[in-house]
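Breakdown of the fold
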Amino acid sequence: MSASLDHVMRITERPSPVMVKGAGSWLWDRDGKRYLDFVQGWAVNALGHSPRVVLDALSAQGERLISCSPAYYNEPMARLAALLAQASGLDQIFLCNSGAEANEGAIKLARKWGGRHRDGAYEIITMHGSFHGRTLATMAASGKPGWDDIFPPKVHGFRKVPLGDLGAVAAAISSRTVAVMLEPIQGEAGVYPAGDDYLRALSALTKERGILLIADEIQTGIGRTGRFFGFQHAGITPDIVTVGKGLGGGVPLAALIASGPVSCFEYGDQGGTFNGNPLMAAVGCAVVEAVARPEFLESVVSNGTYLMARLRALAAEQGHGEVRGRGLLQALALKGKDAKKVSAAALDNGLLVNAPRPDSLRFMPALTVSRDEIDEMLKLLTVSLGA
Ligand SMILES: *Cc1c(COP(=O)(O)O)cnc(C)c1O
């Protein structure tokens, strides 16, 4: 029995297959066609589709307690908060349901901190091309082209500068500025790394000027780049960090992470019905425990290096452009091909790969992807790119 698609709100252009089953790096549609999945729920399924540890956590916690309201403490909430504090070197954790919600929390917390410690400063400097979510405030924070004047009136209090231009940040800081917010690698823009030197300089600048540094690690966190957090490559510690996507290994889970001194919400400032619910938090614990293992992160590094070498070889062979990214978040710049068309051809050929820009393909496989699967992806991609 096939359900009709007529009542699914049209919010994006979806291809016709209806997905019914996933296992590891593979996904099946309802006609039984199999796809090698290098999208993975949008860099969400850190451990692949339906991994045993997530299934076990869901069933064990589901038997015990699914929800008890955020008005009460629960054990998985406390365990996940402790794990994230340990992994980040920060102190206070608020669990929530989506990346946008985590970033809204980060914006609110920065404004609260500005009200208390910086004479009411509220403005946040963000980057051209950045993506921070789809709520009104996070859309205003984002530097996505075309988003400047949709859904007016816009939430104000964001100032945009070009990524990588430290002088522009320094010049934009005023008495109204409370924070700088950025992604260590711009994911939705097409995988553009901020660069370790720039992150270090930005960290020093924000400290010197007495403002906060907010790292949006929603795409780069949870092992995606080969370290637990993307900022760790630069050896810095931001004041506020947000995670989402990979944190739940496929279930909706995100977190706002703050240093002790910055964590200044008063009772009533922040909340939400499903926040810190034990079922999702238990899954988050299982994912974080799996990903934080040194040997797991080493495998992300080595498979990332392998993927990059294979993509570079393909690019050299076929005359395409650069390969950007780190770990298992990479993009290939195409020359003379429309990435959307290549992505559509790949779907027909049984490969899921995303086109974040008309000239780039993005690769965000499960962090558990194997070399054989990377080889298979290259085969399917080569066919999809045509002669
Ligand atoms: C996906 C993403 C978000 C938004 O997360 P949602 O869970 O879709 O709300 C925010 N920032 C970055 C960097 C992202 O990649």
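So, how was this worked out
- Residues numbered from 1 in each chain as written.
- Predicted model: local features only at pLDDT ≥ 70, side-chain atom pairs only at ≥ 80, totals over all residues.
- Heavy atoms only, no water.
- Patch = residues over 30% accessible without salt bridge, like charges linked within 9 Å, V, L, I, M, F, W, Y side chains within 5 Å.
- Areas by Shrake-Rupley, 256 points an atom, 1.4 Å probe, with all protein chains shown as cover.
- Salt bridge = Lys/Arg side-chain N within 4 Å of Asp/Glu carboxyl O.
- Helix = DSSP H or I, 4+ residues; strand = E, 2+ residues; numbered from the N terminus.
- Buried < 20%, exposed > 50% of the residue type's maximum accessible area, 1.4 Å probe, protein only.
- Domains from an automatic or database assignment.
- Contact = heavy atoms within 4.5 Å.
- Buried area = accessible area lost by both parts, 1.4 Å probe.
- 1 Å grid on protein atoms, 1.4 Å probe; cavity = no way out; pocket = protein on both sides within 12 Å on 5 of 7 lines; lining within 4 Å.
- Points joined across faces, edges and corners; volume = space filled by probe spheres on them.
- Nonpolar A, V, L, I, M, F, W, Y, C, P; charged D, E, K, R; others polar.
- Phe/Tyr/Trp six-rings, centres within 6.5 Å; stacked < 30°, edge-to-face > 60°.
- Pairing = 2+ DSSP bridges.
- Right-handed = clockwise from strand over helix to strand, strands pointing away.
- Core = buried A, V, L, I, M, F, W, Y, C linked by side-chain atoms within 4.5 Å.
- Near = heavy atom within 4 Å.
- Polar contact = N/O pair within 3.5 Å; in protein donor to acceptor, adjacent residues only side chain to side chain.

Taken together, Leu136, Ile150 and Phe151 make up a surface patch of nonpolar side chains, about 300 Å² in accessible area. Summarising the element assignment, phenylalanine 151 is placed in the loop between helix H5 (136-141) and strand S6 (158-161). Taking the relative accessible area as the measure of exposure, phenylalanine 151 reaches 53% and is therefore exposed.

The subject of this paragraph is the domain arrangement of the protein. When the domains of the protein are assigned, the result is domain 1 (19-44 + 294-385) and domain 2 (52-291). Placing the centre of domain 1 and that of domain 2 at their C-alpha centroids yields a distance of 26 Å. In this complex, domain 1 contributes 21 residues to the contact, which on the side of domain 2 involves 25 residues. In this assembly, domain 1 packs against domain 2 so that about 2,000 Å² is buried in total across both faces, 58% of it on carbon and sulfur atoms. By the criterion of area lost to domain 2, the three top residues of domain 1 are Val44, Arg326 and Leu329, representing 32% of everything that side buries.

A few words on the pattern of salt bridges. Here the structure, examined in full by the defined rule, presents 14 salt bridges. Notably, a salt bridge pairs glutamate 266 with arginine 116, separated by 3.6 Å at the nearest N-O pair. Of this pair, glutamate 266 sits in the loop between strand S12 (254-258) and helix H8 (278-291) while arginine 116 is found in helix H4 (residues 99-117), placing the two residues 150 residues apart along the sequence.

A separate point is empty space enclosed by the protein. Summed over all chains, the structure comprises two cavities of 30 Å³ or more. Counted as a void, the largest cavity has a volume near 70 Å³. Along the walls of the largest cavity sit Leu136, Met139, Ala140, Trp147, Ile150, Phe151, Pro153, Lys154 and Val155, which together make up its complete lining. Approximately 50 Å³ is the volume found for the second largest cavity. Split into classes, the residues belonging to the lining of the second largest cavity amount to six nonpolar, three polar and two charged. Counting contributing residues per domain, the lining of the second largest cavity is built from domain 1 (19-44 + 294-385) and domain 2 (52-291), each supplying no fewer than three.

Estimates place the volume of the second largest pocket at around 890 Å³. Along its surface, the second largest pocket is lined by 27 residues, and Tyr73, Gln92, Ile93, Phe94 and Tyr267 are the ones closest to its centre. At the level of elements, helix H3 (75-88), strand S4 (92-96) and S12 are the ones that each hand at least two residues to the lining of the second largest pocket. Taken together, the residues of the lining of the second largest pocket sort by class into 16 nonpolar, eight polar and three charged.

The subject of this paragraph is the packing of aromatic side chains. For the structure on display, the rule yields three aromatic pairs. On the numbers, 5.0 Å between centres and 70 degrees between planes, the contact of phenylalanine 228 with phenylalanine 229 is edge-to-face. Side by side, phenylalanine 228 and phenylalanine 229 carry an identical accessibility label, which is buried. Between phenylalanine 229 and phenylalanine 231, the aromatic rings sit 5.1 Å apart at their centres with planes inclined by 15 degrees, giving stacked as the arrangement. Taken individually, phenylalanine 229 and phenylalanine 231 each receive the classification buried, so the pair is uniform in this respect. Through a chain of ring-to-ring contacts, the aromatic side chains of Phe228, Phe229 and Phe231 assemble into a single cluster.

The next subject is the pairing of S6. Sheet topology places strand S5 (residues 123-127) next to S6; four bridges connect them, and they run parallel. Following the sheet pairing, methionine 127 is matched in S6 by valine 161. Assessed by its sense of winding, the connection that carries the chain from S5 through H5 to S6 is right-handed.

Right, let's get into the nonpolar core. Membership of the largest hydrophobic core comes to 84 residues, with the highest contact counts inside it found for Leu84, Val169, Phe363, Met377 and Leu381. Mapped onto the domain boundaries, this core takes at least three residues apiece from domain 1 (19-44 + 294-385) and domain 2 (52-291). Look past the residues within four positions of leucine 84 in its chain and what remains in contact with it is Ile93, Leu95, Phe228, Leu247, Ala255, Ile257 and Val288. Counting residues in hydrophobic clusters, the runner-up holds 25 residues, among them Phe94, Trp113, Phe158 and Ile214.

This brings us to the site of the ligand. In the vicinity of the ligand, the contacting residues are Ser98, Gly99, Ala100, Asn103, Phe131, His132, Gly133, Glu183, Asp216, Ile218, Gln219 and Lys245. Between alanine 100 and the ligand, the recorded distance is 2.7 Å, taken from a backbone N or O atom to an oxygen atom. Between glutamine 219 and the ligand, the recorded distance is 2.8 Å, taken from a side-chain N or O atom to an oxygen atom. Protein coverage of the free-state accessible area of the ligand, which is 380 Å², stands at 82%. Partitioning the shell around the ligand into residue classes produces three nonpolar, six polar and three charged.

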